[in-house]
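Results of the structural survey
Below, each chain spelled out in residue letters.
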Amino acid sequence: MATKQHTTANTVTKHAVRPLMYTMVIVGLFVAWACYIAYRNSIWHDESYSFLMIQASFSKIVYYTSLDVHPPLYYLLLKAWTVVFGQSLLALNAFSISCMVAAVLVVWRLFLPLLGKSIYKYRWLLLIMMFFGPFLVRYGQEMRMYALGALITAVVLWWIRNLLDRPNWQSWWRWALLGVLFAAGFYTHYFLLFNVVTFGLYFLITTIRSKGVSSLWKAWHGWYTTIIAFVVCIAPWLPVAANQFSQVSNGFWIAPLNGSTIFSYPISYVLYWADWELRSWLAILAYLAVAIVAMALYRYWRIPPSNNTFYKISRYWLVVPLLCLIAISLPPLQPAFHTRYLFFWAPVLYGAIGVGLLYGAIRSWVYRVALVLYMVLLIIGNGLLFTAGNVSTFDQKKPFSMNSIVEYIASNTGDNQQVFIISDGLWNFFDLYATAADANLTDNIVVFNKDQYGKYGNSSLVFDRPDLTIHSLNDNRLQNLETVWVVEDVTQKAVSPHIPAHWQLVQTATYGYAQVSQYRITPVTP
C-alpha cells in the first residue's frame, strides 16, 4: 500500500514538474534570443529617446511627454525599474522582455481550454509559435511601450474572461478595476483605447443577440461602472492629450494608407519585413505567408461551437483593433496605420494562428503541410530579423551599429583625455547619447543645430537643455579642448561645412551611412 502511494506521489510530482520545466525552457530560449537581437546592433532612435527621457525626474517625465505624442506611464514605470535594476541598456530592455514573457504566458493560458483532448498535447508547440513570431521578438524586447501595452491587453482579456465566466466576480469593484486597466492602457499608448471600443462592441452585440435591446440597461450595469472608473482615471490627462492630438494633426511621419500597407500586416508578423521590403524569392514567401495566415484564421473561426468566453471575445480582438486603426487613418484624418501599432494584440493573433493550424492539422493533410511551412517561415523570419537587429532600414540606407562608433572613439581616446562629441542631428544624437552612456563615455555629447530646436516632439528633450545642444562650432565650451569628435550622416554632411579653419582632421572612419571624425583644435593666433 505504501509503495502504491509512493508511486502515485511520484507520478503527480512528475506531471507537475514537467510542464513547468518545458515552459521555463521555452521562456529561457525566448529571453536569450530577444536579448541577442537587442544587442546585435545598437538601439535605434525611438529606444534612445526612451533612454534620454528617463534621465529626467518623474515630474519632468510627465512634462516632457506632454510635449510629445505619447502618454507617460511607460516612461514612469521604466524610470521606477531603473531604481532597482540600474540604467544599463540590458536592464532597460529587460523590462520589456519581462512584460512580453508575462503577456504571452497569460494569453497562452487563455487559449489552452480551446485545444481539446486531441491537440492539447501540442500546447508546447503553440507556445513556441507564440513566443517566436519574428514581429513579437523584434518589438517585444524594444525599449518602448509595446510589450507593456501587450501585457495590459493580456490582463484585460483575462479579467474580462473572469468577469463574464465567474458568478463570484460580479461585484462593482471588479468592474471598476476593469476601467482602471483600460485607463492604464490609455496612459501607455493611446491606441490601447481600441480595447475599450472592442469590449464595448462585444458586449453590445452579444447582449442584443441574446437578450434584446430592452435588456441593455440591466445587463450593462457593470459596464457602466467600468466606463465611469475609466473616465475618472483619464480625466486629468485629457486636456494634455487634446493638445498632443492637435500637434499630430499638423503633420506626422506615417505614409498614407494603401492596399500594400494593409497587405504587409500579416507578412510582417511571419517574416518581419513588409512586402515592399522583400526581394526575389522572399517576395514569393510573402504571398505564402498571407495564404497560411488566412487559412489558419479561417480554421480558427470555424472551431466547433463552444461556450468558451475567451474564444468569443478573441475573435473581436482579432478584427476590431485593426478596423479601428484603418478607420482613423482615412482622410480627412492624418495617416496613423503602422504595423507595430497593432503589436498590443500580437499574442492574440499568433495564438489564433497557432490554434487554427493545429485544429486543421489533425483533420487535413493540407493543414499539416501548412503547419510545417508556417514553422519554416517563422525560422526564415527570425533569420531575417537576425540580419537586422534593431535597425529599421532595409534597402534605403546601409545599416550601422552605433556600438562600433562608440568603441572606435573609446579606443582612440586616452585614459585621462576629455571626450567631447558633436552629433549632426537628433536621430543620431539620441542613439549616440544612450550608447555612449552605456559605455561610460559621457563627458560631453551635444547635438549641433544652428537654429533653436522646437518645443514639441522629440526635440522637447533638448529644447531647454543648453548642455545638450551647440549652435556654433566657435562655442566657448570648445575653446580649451585639444580634440573633438564629430558624428554625422555621410549623405547630409550637416557639420562638416561649418568646421572652423583652425580645426585639423586627425582621423575618420565610416560605418554604414555614419561617419565619425576626430579633429585637433589648434590655438588661434591673435
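Reading guide: rules and limits
Residues numbered from 1 in each chain as written. Predicted model: local features only at pLDDT ≥ 70, side-chain atom pairs only at ≥ 80, totals over all residues. Heavy atoms only, no water. Patch = residues over 30% accessible without salt bridge, like charges linked within 9 Å, V, L, I, M, F, W, Y side chains within 5 Å. Areas by Shrake-Rupley, 256 points an atom, 1.4 Å probe, with all protein chains shown as cover. Salt bridge = Lys/Arg side-chain N within 4 Å of Asp/Glu carboxyl O. Helix = DSSP H or I, 4+ residues; strand = E, 2+ residues; numbered from the N terminus. Buried < 20%, exposed > 50% of the residue type's maximum accessible area, 1.4 Å probe, protein only. Phe/Tyr/Trp six-rings, centres within 6.5 Å; stacked < 30°, edge-to-face > 60°. Lys NZ or Arg CZ within 6 Å of the ring centre and 35° of its normal. Core = buried A, V, L, I, M, F, W, Y, C linked by side-chain atoms within 4.5 Å. Contact = heavy atoms within 4.5 Å. pLDDT = per-residue confidence, 0-100. Pairing = 2+ DSSP bridges. Axes fitted to C-alpha atoms, helices over the stretch in contact; angles between N-to-C directions. Polar contact = N/O pair within 3.5 Å; in protein donor to acceptor, adjacent residues only side chain to side chain.

Section: a nonpolar patch on the surface
A cluster of nonpolar residues, V197, L201, L204, I205, I208 and V213, forms a patch on the protein surface that exposes about 420 Å² of accessible area. Tracing the backbone shows L201 in helix α11 (residues 193–211). Taking the relative accessible area as the measure of exposure, L201 reaches 34% and is therefore partly exposed.

Section: the packing of aromatic side chains
The relation between two aromatic rings is expressed through the spacing of the ring centres and the mutual angle of the planes. As enumerated under the stated definition, the model contains 49 aromatic pairs in all. Pairing F111 with F310 gives two aromatic rings, centres 4.9 Å apart and planes at 90°, and the pair type is edge-to-face. Here the residue F111 occupies a position in helix α5 (residues 89–111), and F310 occupies one in helix α17 (residues 309–327), the gap between them amounting to 199 residues. The class for F310 is buried, based on a relative accessible area of 1%. Geometrically, the ring pair formed by F199 and W223 is edge-to-face, given 5.2 Å between the ring centres and 70° between the ring planes. One end of the pair, F199, is in helix α11; the other, W223, is in helix α13 (residues 221–234), with 24 residues separating them in the sequence. The pair F199 / W223 is uniform in exposure class, with both members buried. Taken together, F135, Y139, Y146, F191, F194, Y265, Y269, Y341, F343, F344, W345 and Y350 form an aromatic cluster joined through their ring pairs. Above the ring of Y139, the side-chain terminus of R138 is found at 4.5 Å from the ring centroid.

A few points about the nonpolar core
Most often, soluble globular proteins have nonpolar side chains that are buried together. Within the largest apolar cluster, 165 residues are counted, with the highest numbers of intra-cluster contacts made by F30, F111, F199, L271 and F429. Of the residues forming this core, the biggest block, 14 residues, is contributed by α5. Sequence-distant contacts of F111, defined by excluding residues within four places in its chain, comprise L126, M130, Y300, F310, P347, V348, G351, A352 and V355. In terms of nonpolar packing, the next biggest core, distinct from the first, is built from 15 residues, I470, L473, V486 and V495 among them.

Topic: the confidence of the model for the chain
On average, the chain scores 86 in pLDDT, and the residues at 70 or more come to 90%. Note that pLDDT drops below 50 for residues 5–9; the model gives that stretch zero contacts with residues more than four away or on any other chain. Scored below 50 in pLDDT, residues 391–397 makes 15 contacts in the model with residues more than four places away or belonging to other chains.

A closer look at the side chain of T309
By secondary structure assignment, the location of T309 is in helix α17. The residues contacting T309, other than those within four sequence positions of it, are R161, L164, D165 and Y202.

Quick word on the pattern of salt bridges
If you walk through the whole model with that rule in mind, you get five salt bridges. In this structure, D46 engages R340 in a salt bridge whose closest nitrogen and oxygen atoms are separated by 3.6 Å. Note that D46 is positioned in helix α2 (residues 45–53) and R340 in the loop between α17 and α18 (346–361), a separation of 294 residues in sequence. Judged by relative accessible area, R340 falls into the buried class, the value being 7%. With its nearest N and O atoms 3.7 Å apart, the salt bridge here joins D464 to K60. Of this pair, D464 sits in the loop between α22 (460–463) and β3 (469–470) while K60 sits in helix α3 (residues 58–66), placing them 404 residues apart in sequence. The exposure class of D464 is partly exposed, given its relative accessible area of 34%. You can call K60 partly exposed: its relative accessible area is 34%.

Section: the sheet that holds strand β6 (residues 514–521)
One open sheet holds the six strands; their spatial order is β3-β2-β1-β4-β6-β5, and the pairing between them is mixed. Edge strands, defined here as strands with exactly one partner in the open sheet, are β3 and β5 (503–511). Relative to strand β2 (residues 444–448), strand β1 (residues 420–423) is paired through four bridges, and the arrangement is parallel. Bridge assignment links S423 to a residue of β2, and that residue is V447. Sitting on the sheet, helix α20 (residues 402–411) is in contact with β1, β4 (483–489), β5 and β6, with an inclination near 145° to β5. Sheet strands touched by helix α21 (residues 426–438): β1, β2 and β4. Its angle to β2, the strand with the most contacts, is close to 175°.

Brief notes about the environment of Y272
In this structure, Y272 sits in the loop between α15 (259–271) and α16 (281–301). Between the alpha carbons of Y272 and L136 there is a distance of 9.0 Å; along the sequence they are 136 residues apart. Polar side-chain contacts of Y272 include one of 3.1 Å to the side chain of R138.

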